[in-house]
Amino acid sequence: MRARAGRPAGRRRSALVAGLVAVVLAASVACTADEPDPAPPPGPDPSTSAPAPSGGPPLVVPEGANPFGAHWDWSRYDQFTPYLRKISGSATYHELTWCAMEKTRGQVDWAAVDRVAQRSRDLGIVLNLKIRTGVCWATGGTAQHTRGQANKTESAMPLDMATYQAFVRSVVERYAPYGVTQFAVENEVNAPQYWSGTPEDYATLVRAAAEAIHAAAPQAKVVDSGISSVAYGFGVVDRLVRAGDTDAAIRAYEAYFARRIGTRGQKIPEVRDAASLDRALTNEANARNVAFLAVTERLIDEGVVQVRQVHYYEHPDGVPALLDYLRAENPAGVPMEAWEVGQFWRDGDGDAASRAGEMTKVVTALLAGGIRQVMWLPLAYNPNNRAGSEVRYGLLDPDGAEREAGRIMEVLVAASRGATVTAVSRDQVTGVAFERAGATTLVLWTAAGSSASLPATPGLRAGPAGANATDATDTSISDNPIIVQGDRTAEQILATLR
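Below you will find a few notes about this structure. Computed from a prediction, not measured in an experiment: that's the story for all the values here.

As a further point, take the sheet that holds strand β3 (residues 91-97). With respect to topology, four strands assemble into an open sheet ordered β3-β4-β7-β8, the strand pairing being parallel. At either margin of the open sheet sits one strand with a lone partner, and together these are β3 and β8 (221-223). Between one strand axis and the next, the sheet turns through 30° on average, direction left out of account. The sheet contact formed by strand β7 (residues 182-185) and β8 spans three bridges and is parallel. Counterpart to Ala-184 in the pairing with β8 is Val-223. Where helix α5 (residues 161-175) meets the sheet, its contacts fall on β3, β4 (126-132) and β7, and the angle it forms with β4 comes to roughly 170°.

In structure tokens, the structure reads:
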């Protein structure tokens, strides 16, 4: 097992966590857990600190590449194509299900995935694939969870592992020529809606899939399922409890789950003290979350999984805690990519500017904190999926029209191409710098209640995120991010802060 940065090899889990894993291993397939919605935070007090995007070494983005991507509904491809061309060089993912593609044994329908692969290549967007089993002749049993217009179900263990491996090999062999090099095994297995087996079943499946993937394409990378945002949040809190810092764990819980508490009954309850925190961590749903996160990290430690997939849908204040967690738990040298990043806010009342500001903070802070690819989900809200409010915020309107958040993403895409990306932390100001020869773009903000300013400087242009940058007069910096552009280095621009 490889050592993690800053800590000895092997994860020392407390008796509490061992008990949680045992609870999940003993649970039946019919256990009920939280629906998968992404989120994560640990570390400094997230209720008082600005989301400081500190962490790994600077990221160097190759010319033509773009670390900001999205995930979209392919049935609305025509509406989205104009915007997707603007974010070329990024990455996306597509989920395929064995049972849906091979409804009758020996008769695989590749048409839909072929179309996705071809269109992604035409757009100049790198495609990643998630390979799921589903429930059918290949697994036996009857689906317990059906969701969405496509009637997707949970996945189950294959009846015959050799047959499963043959399917996985055929997927890799077919799509490697399209430029697909990363293959994730399943999706958010911590949720029963997506996976019916135990954590050890999942580990067995990943090892089998990894063998098949590397047999078909030795240079391909195996990616984990992407533990849900909520489950990462419980991992963050559990880590602080294991460290003996209950007060920090409670603060992290309150900040991380600020928009979740009460949305799933007692699965994400209010927490005020050590006893209520213990109850939250040990209920069946959250015990499952912690157990599946633990087995996923074991697969990463062992090198079976070569890329960690992060999901995050929470408030920007949770990002520093998530990055602290990842720095502690992710082995040095293992890439991290955020395949699902978004804004969960049931009945949210934020206006376009505040929504866009939150998006800007989250995606840039993740990138500066060591996440090499950030994909927003959804690209556009689909009003047909759920009635009522827009629970997860889109960069585009349903018809493909750009929102303020989408326009800011375009600015970030342009700034990132060929740039070196570093975290900014100076006095009360935090943010991200994108630098390349002769051009710098800074995204800057402060903690709530704090302020700073940049003096007017020739050649410097600045404005609130989402607004057209103007030749700078004195520019105020607050907790709503601003974007600063100029021909000086980041260090020269930041030296004038006051």
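There's plenty left to go through after this.
Glycine aside, a negative phi is what most residues show, and trans is what most peptide bonds show. A cis amide bond links Leu-377 with the next residue in sequence, Pro-378, at an omega value of 0°. Positionally, Pro-378 belongs in the loop between β11 (371-376) and α13 (404-416). You will see that Glu-188, though not glycine, has its phi angle at about 40°, which is positive. As for its position among the elements, Glu-188 is in the loop between β7 and α6 (199-216). Residue Asp-347 is not a glycine yet carries a positive backbone phi of 60°. With respect to the helices and strands, the residue Asp-347 is situated in the loop between β10 (336-341) and α12 (352-368). The exposure class assigned to Asp-347 is exposed, which follows from its relative accessible area of 58%.

A few words on the pairing of strand β13 (residues 429-436). Taking burial as the measure, the eight residues of β13 include six buried ones, the bulk of the element. Sheet topology places strand β12 (residues 420-426) next to β13; seven bridges connect them, and they run antiparallel. Paired with Thr-422 across the strands is Ala-433, a residue of β13. Between β12 and the antiparallel strand that follows it, β13, lie two residues; Asp-427 among them carries a positive phi value of about 55°. Both β13 and strand β14 (residues 439-446) contribute to a ladder of eight bridges, which runs antiparallel. Along β14, the bridge assignment pairs Val-432 with Val-443. In this structure, the hairpin formed by β13 and β14 is closed by a connection of two residues, where Gly-438 is found at a positive phi of approximately 75°.

Rules used in this analysis
- Residues numbered from 1 in each chain as written.
- Predicted model: local features only at pLDDT ≥ 70, side-chain atom pairs only at ≥ 80, totals over all residues.
- Heavy atoms only, no water.
- Pairing = 2+ DSSP bridges.
- Helix = DSSP H or I, 4+ residues; strand = E, 2+ residues; numbered from the N terminus.
- Axes fitted to C-alpha atoms, helices over the stretch in contact; angles between N-to-C directions.
- Contact = heavy atoms within 4.5 Å.
- Buried < 20%, exposed > 50% of the residue type's maximum accessible area, 1.4 Å probe, protein only.

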